[in-house]
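Residue-level structure breakdown
The chain contents come next:
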Amino acid sequence: MKQIRFLLIAVMLLLMVPALSLAEYEYSIPYIDRFGEEQTAQMGQIITEKDKYYYYGILVAKGHVTMSEISNLRDVTIILTDDATLEITNGLNLNGGTITVYAQKNNTGKLNIRGQDGVSSSFRDGASAITGNLVVYGGTVTLNGGKGASSYDANGRGGNGVNGNLTVGGNGTVSAGGGSGGTARYSCQPGGSGITGDLTVLDNGSVTASGGYGGNSAAPGAAGVNGNVTVSGNGQAKLYGASGATNTSYHIYAGAPGIGGNLTVSENGTVTAVGGNGSQGNQGYILDDGGNGGAGVAGDLNASGHAKVKATGGNGGPADPLRKSGIGGNAVDGNLVISDEAIVDLNNGNTPDNLDPDLPKTGDNTPLLLLYIMAVVSGTGIVFFIRRNKQRG
């Protein structure tokens, strides 16, 4: 009886921790730290397609692996071995934790994550590629938020590239894009942001982040980065806000900012921040003004050292002749501080010429006031001739 009881307990334990029965491990794993020095991890769990449960602190990506998800993550480290490609198709939820990514000597490892698309009225919103904080010190990481659902009566928001903070240093490279919003019968939803939190770029890190467009060109776009951006060392960042979209019935939208918060650039950092264009004033049965362009940087800009910054506001949207065109966005909405040998190139967005509101919609350039005067003069002349003929008769 004791032997049977022991066997049952052993079986139950194995069923409770399925990862233990499937896990594969690697030992003495070399990787390159943030400062370019080779380090060695004593042990890591190899990521395989046959198991989505990983409980250990260090995970190792080898070869080409595609998975729908990795569950039960919180604070983990992923080492991308040279030439490895790890693809995750339904996003990563870190449950409030942080994932740190390293690569090996040749820096050829890749991590591609896409958030799940919204599919129905039950799951309308696109999922973020990563929910939590991400730190990348090596390899190439590509993050795309899922698209919002589009159907006759249900739609959803686009998912974010990173729903949290992003830090990129060492020789890491990250591309983060928000998903587009969904479309339904009477409404459309906004796109997702490239990064919802703060962005920090260090060392030789490189980041490109773009906001997603609104659904069916009829909803707001999103910012490249919603929070604050700090770039130092030889870091590079290119950040783009999505353009506002036009609804042919009654909605217009401003372009989104490239950076929603403050920008601080020092040392040899390089940043390009571009606001999205405003939507065109709709031409439907209800006329409306054009949307304003988004700011390159919505907050303050502080550049020092040998930093190079180019900030460009989005263009205002054109409008019907009877309405006003949108105003071009500012390169920087907040305060500007430039010191040392920093180079800053600021370009406000264009404001389309506001057409004379008195112009008729026929395309005739004759002002309505002149037409009115001509009509009055003509009518007076007709009345005069009629009365004179009556008098002669």
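Attention here is on the structure that accompanies the text. (Residues numbered from 1 in each chain as written. Predicted model: local features only at pLDDT ≥ 70, side-chain atom pairs only at ≥ 80, totals over all residues. Heavy atoms only, no water.)

So, on to the environment of Asp203. With respect to the helices and strands, the residue Asp203 is situated in the loop between β14 (199-201) and β15 (206-210). Asp203 sits 32 residues away from Asn171 along the chain, and the two C-alpha atoms are 7.4 Å apart. (Helix = DSSP H or I, 4+ residues; strand = E, 2+ residues; numbered from the N terminus.)

Moving on, we come to the layout of surface pockets. Counted as a void, the largest pocket has a volume near 220 Å³. Lining the largest pocket are 13 residues; nearest its centre among them are Glu69, Asn90, Gly91, Leu92 and Asn93. Here the lining of the largest pocket gets three residues from one element, more than from any other, and that element is strand β7 (residues 92-103). Considering only residue class, the lining of the largest pocket consists of four nonpolar, eight polar and one charged. (1 Å grid on protein atoms, 1.4 Å probe; cavity = no way out; pocket = protein on both sides within 12 Å on 5 of 7 lines; lining within 4 Å. Points joined across faces, edges and corners; volume = space filled by probe spheres on them. Nonpolar A, V, L, I, M, F, W, Y, C, P; charged D, E, K, R; others polar.)

In this section: the packing of aromatic side chains. Scanning all chains against the criterion turns up two aromatic pairs. Here the aromatic rings of Tyr31 and Tyr102 are separated by 4.8 Å at their centres, their planes lie at 50°, and the arrangement is tilted. A residue pair is termed long-range when its members are at least 10 positions apart, and Tyr31 in strand β1 (residues 25-32) and Tyr102 in strand β7 qualify at 71 residues. Residues Tyr31 and Tyr102 agree in their burial class; the two are buried. (Phe/Tyr/Trp six-rings, centres within 6.5 Å; stacked < 30°, edge-to-face > 60°. Buried < 20%, exposed > 50% of the residue type's maximum accessible area, 1.4 Å probe, protein only.)

Our next topic: the sheet that holds β15. Spatial strand order, β4-β6-β8-β10-β13-β15-β17-β19-β21-β23: 10 strands in an open sheet with parallel pairing. Bordering the open sheet on either side are β4 (64-67) and β23 (343-347), each of which pairs with just one other strand. Going from strand to strand, the sheet's axes swing by 5° on average, the running direction of each strand aside. In this structure, strand β19 (residues 270-274) lies alongside strand β21 (residues 308-312), joined through five bridges in parallel fashion. Counted as the bridge partner of Val274 is Thr312 from β21. (Pairing = 2+ DSSP bridges. Axes fitted to C-alpha atoms, helices over the stretch in contact; angles between N-to-C directions.)

Shape descriptors only; they carry no functional weight alone.
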